[in-house]
Amino acid sequence: MSITLSRIAVTAYRVPIASPVATSFGVMHNRPAVFVRLEDSDGAFGWGEIFANWPAAGAEHRARLVVEDMADLLLGQSFDSAPDLFNQLTEKTHIRALQCGEWGPFRQVIAGLDTAMTDLEARRAGLPVARFLNADAAHSVSCYASGIAIAQAETQIAQSQEAGFSAYKVKVGFDLTRDTDLLTRLFSTIRPEETLCADANQAWTLPEAERFVAICADLPLGWLEEPLPADAPLTQWSTLADQCSAPLAGGENITGTGGFADAIATGVFGVVQPDIAKWGGFSGCWPVAQAIQDAGQRYCPHFLGGGIGLIASAHLLAAARGDGLLEVDVNPNPLRDSFDLWRDASSDAQMPISNAPGLGITDLPDAISPFVTFEKTLTA
């Protein structure tokens, strides 16, 4: 049945934080998010989240893209399904993105809109998104603690252990000597059954990555994430994979069905990590998640944002099943924490999948209203 969109509401948020979140390529001095709501002519609705971490003014920019550059392609328009919306928007914004060279922002906006459309469709069907995609979807997903700065890792890992986590990912890529010293020390503090991964956020050249791998050769890393730039030549990734005892991980900065097909086919990644808010939404990432697992690789969705995107990532992982882990940033973030995602869980290491229709979100939490920086509702 055709779906005619009658209303779009988009809101950008920005939360001040006491402790900046550092990565190898920059520092987040606040926590942003962009939430979007679509409504059809019958009153059905759905929620999505648009990637907004970078650049610093990215949240407001992407919210304005929805209002000023995409609304004419949505309001009063009819779509057969979320994949139809995804394909139409991708085609109709091609020249717009080409004109300004802003492929990323347009892809991210389309991803958030696709998530909202999928939520709307599943809600109309009376099914949770996970079971809308796969009737045999899991009822919960396993999580790992992420966003841990290497310099504060002992404290943050101890706090994560108290919350029930047994798998952790620390950010490296700052100072190679210090990073490797601290990482070696961390392995002496975690339990034998626990897992520790490292994320370099594209920080190194191949010689630097090779040095890290050589120094850490005896450490049982769960995976080494983005040790090279995502666009580094395949020969460099293959060279490093041959030298690294841990699986290489990547995917948050890969886009397009073809891009993921190529990455999967190379076999250099043991762990592949699409980000539902950066590219694809459900329409793009669901078939990619299936292709990852069909290739014998591990699907672990990347996510570092607000509550809607994390819920969507959890539903996608539940639909995919497999042995993947959901990424949970352990730094304080009201734009995620206010959604109370673990209210029915005994541990933060296991996120339950709601049986409510769609993503299980009716209204946004009142607690986030003070952090609005831009909001707009448009009606056909």
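First, a word on scope: everything that follows refers to the structure included in this document. (Residues numbered from 1 in each chain as written. Predicted model: local features only at pLDDT ≥ 70, side-chain atom pairs only at ≥ 80, totals over all residues. Heavy atoms only, no water.)

Attention now goes to the overall build of the protein chain. If you tally the helices and strands in the protein chain, you get 13 helices and 14 strands. Relative to the 2.2 N^0.38 estimate, which gives 21 Å for 380 residues, the radius of gyration of the protein chain is 20 Å and therefore close to what a compact globule would have. Each principal axis of the C-alpha atoms in the protein chain carries an extent, and together these give about 60 × 45 × 40 Å. When each of the 380 residues of the protein chain is scored for burial, the buried share is 56%. In the protein chain, the share of contacts with a sequence separation of at least 24, taken over all contacts with a separation of at least 6, comes to 73%. (Helix = DSSP H or I, 4+ residues; strand = E, 2+ residues; numbered from the N terminus. Rg over C-alpha atoms; globule rule 2.2 N^0.38 Å. Buried < 20%, exposed > 50% of the residue type's maximum accessible area, 1.4 Å probe, protein only. Contact = heavy atoms within 4.5 Å.)

This next bit is on the side chain of Ser283. Along the chain, the position of Ser283 falls in helix 11 (residues 281–294). A residue is classified by how much of its surface remains accessible, and Ser283, at 18% relative accessible area, is buried. Within the structure, Ser283 has its side chain in polar contact with the side chain of Asp114 (distance 2.5 Å). Not counting residues up to four positions away in its chain, the partners in contact with Ser283 are Ala82, Pro83, Phe86 and Asp114. (Polar contact = N/O pair within 3.5 Å; in protein donor to acceptor, adjacent residues only side chain to side chain.)

Looking now at the packing of helix 7 (residues 176–187) against helix 8 (residues 206–215). The contact between helix 7 and helix 8 brings their axes to 10 Å, and the two run at 25°. Taken together, helix 7 and helix 8 sit at an angle that is classed as roughly parallel. Note on packing geometry: the crossing formed by helix 7 with helix 8 is right-handed. Contact residues: Leu176, Thr177, Thr180 and Leu183 in helix 7; Glu208, Arg211, Phe212 and Ile215 in helix 8. (Axes fitted to C-alpha atoms, helices over the stretch in contact; angles between N-to-C directions. Parallel < 35°, antiparallel > 145°, perpendicular 65-115°, else oblique. Left-handed = near helix turned anticlockwise from the far one by under 90°.)

Function-wise, these values are silent; they only describe arrangement.
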